[in-house]
Structures are given as structure tokens and as C-alpha cells.
Amino acid sequence: MHYLARLTTALAAVCALAVATSTSAHATAVGSTPVRTFEYSVGGMTMKVPTGCLFTHIIRGSGRKITYQNAGVDCAFVAALGSGFCNWRIDFSYADTDNRTYRTSRGRTHNECKIDPMRNNSPQTLPRYGKACAHLYVNGVRRVSQCHHITK
């Protein structure tokens, strides 16, 4: 049921935001970015992530105060039947209005393969306005990012 709710939210966000790459986070922001097809090697095996996955980043809060932040992947159709993402991690980064990153919350690397990797981040108050981004790394390579502008 949780998976279906996340998938529905992700698909609704894509329709509503027309797959926007960044949005303003005045109170709540939800954005999804398609995960492009890619291949990588794990233990001598070639893994392929097909089309049909979205990376969704959610922020709740007001101004520079973030009360909730989550990012994860939802896959549908053929992509949901695959082996998923191996050796994955999700990082959150924060940049100022000049696009200079001043903080990164690095997630732990998960060695297992998972079709729906997800991570929450702690509530916090940012020292500056700018943007908050979530990044998915697979096998040490950044594969997709999704950002929200944090404005007054």
C-alpha cells in the first residue's frame, strides 16, 4: 500500500509539475525527475536500469526551515520488474543563491539491490536561501538529481 501511495504521489507530481527540474519551497514542494536508462557492473554482472523510474524529492517547511525532507525512486511498468539499484545512496545538498554548495548530508551506501531506494533527512534550518537538492548515486556514480529553490 505504501508503495502504491508513493507511486501515485510521484505520478501526480509529474503531471502537475510537468516534470519540472526545480520548484520553489515556500511551504511544501514535490518534484520528480525521470531516471535515465543506464547500465553498470556489480560483481562482474551487467545490470540495466530501464526507462520507467522517477526520482522524487519532497520538502515541507517554511522559508529556510525544513521540517520534513524525503527522496526516493518509484518504478512502474517493466522497470518495476528489474533487479533495481545496487550499491546505492541518496545525498542531500544545499547551495546558496550563487549556486555554491555549503552543506552535504551524505547517505550511507546500501550494498543490497533495491527497486525503490528511499531516504529521509533530519529537520533543519538552513543558514542561507538558495536551493536544496537530492542526488541518487548508484555504484558510486551520480545518476539523477532533483532540486527545489528555497526562497523568501
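Data block above holds the structure.
Bear in mind the structure is a predicted one, so any value in this text is a computation, not a measurement.

Procedures and definitions
Note on numbering: residues in each chain are counted from 1, in written sequence order. Local features in this predicted model are restricted to residues whose pLDDT is 70 or higher, and side-chain atom pairs enter the listing and the counts only when it is 80 or higher, whereas totals over whole chains, interfaces and linings include all residues. Here the side-chain values reflect all heavy atoms present in the structure, with hydrogen atoms and water set aside. Here a salt bridge means any side-chain nitrogen of Lys or Arg lying within 4 Å of a carboxyl oxygen belonging to Asp or Glu. Burial here depends on accessible area, computed with a 1.4 Å probe over protein chains only, as a share of the maximum for the residue type. Under 20% is buried, over 50% is exposed, and the range in between is partly exposed. Throughout, nonpolar core names a set of buried Ala, Val, Leu, Ile, Met, Phe, Trp, Tyr and Cys residues whose side chains join them through atoms within 4.5 Å. A run of H or I in DSSP becomes a helix once it reaches four residues, and a run of E becomes a strand once it reaches two; helices and strands are each numbered from the N terminus. When two cysteine sulfur atoms lie within 2.5 Å, the pair is treated as a disulfide.

1. A closer look at the pattern of salt bridges
- Per the counting criterion, the structure on display carries three salt bridges.
- R89 serves as the salt-bridge partner of D91, at 3.0 Å between the closest nitrogen and oxygen. There is no split in this pair, since D91 and R89 are both buried.
- Here R100 makes a salt bridge to D98, at a shortest N to O gap of 3.2 Å.
- By relative accessible area, D98 is classed as exposed at 51%.
- The network of salt bridges with shared partners includes D96, D98 and R100.

2. Structural notes on the nonpolar core
- The biggest cluster of nonpolar side chains holds 25 residues, and the ones touching the most others in it are V35, F55, F85 and L136.
- Elements represented by at least two residues in this core include exactly β3 (38-42), β4 (45-49), β5 (53-62), β6 (65-75), β7 (85-96), β12 (130-138) and β13 (141-150).
- The element that contributes the greatest number of residues to this core is β7, accounting for six residues.

3. Quick notes on the state of the cysteines
- The tally for this structure, following the rule as stated, stands at three disulfides.
- Between the sulfur atoms of C86 and its disulfide mate C113 the distance is 1.9 Å. Looking along the S-S bond of the C86-C113 disulfide, the torsion reads about 105°, which is the right-handed sense. With C86 in strand β7 and C113 in strand β9 (residues 110-114), this residue pair connects regions lying 27 residues apart in the sequence.
- For C113, a relative accessible area of 40% gives the class partly exposed.
- The disulfide partner of C133 is C147, and the S-S distance across this bridge is 2.0 Å. Torsion about the S-S bond of the C133 and C147 cystine: about 110°, corresponding to right-handed handedness. Note that C133 is positioned in strand β12 and C147 in strand β13, a separation of 14 residues in sequence.
- Residue classification places C133 among the buried residues on the basis of a relative accessible area of 3%.

4. Section: unusual backbone geometry
- Phi at N87 is positive, roughly 55°, even though this residue is not glycine.
- In this fold, N87 is placed in strand β7.
- Given the relative accessible area of 19%, N87 is considered buried.

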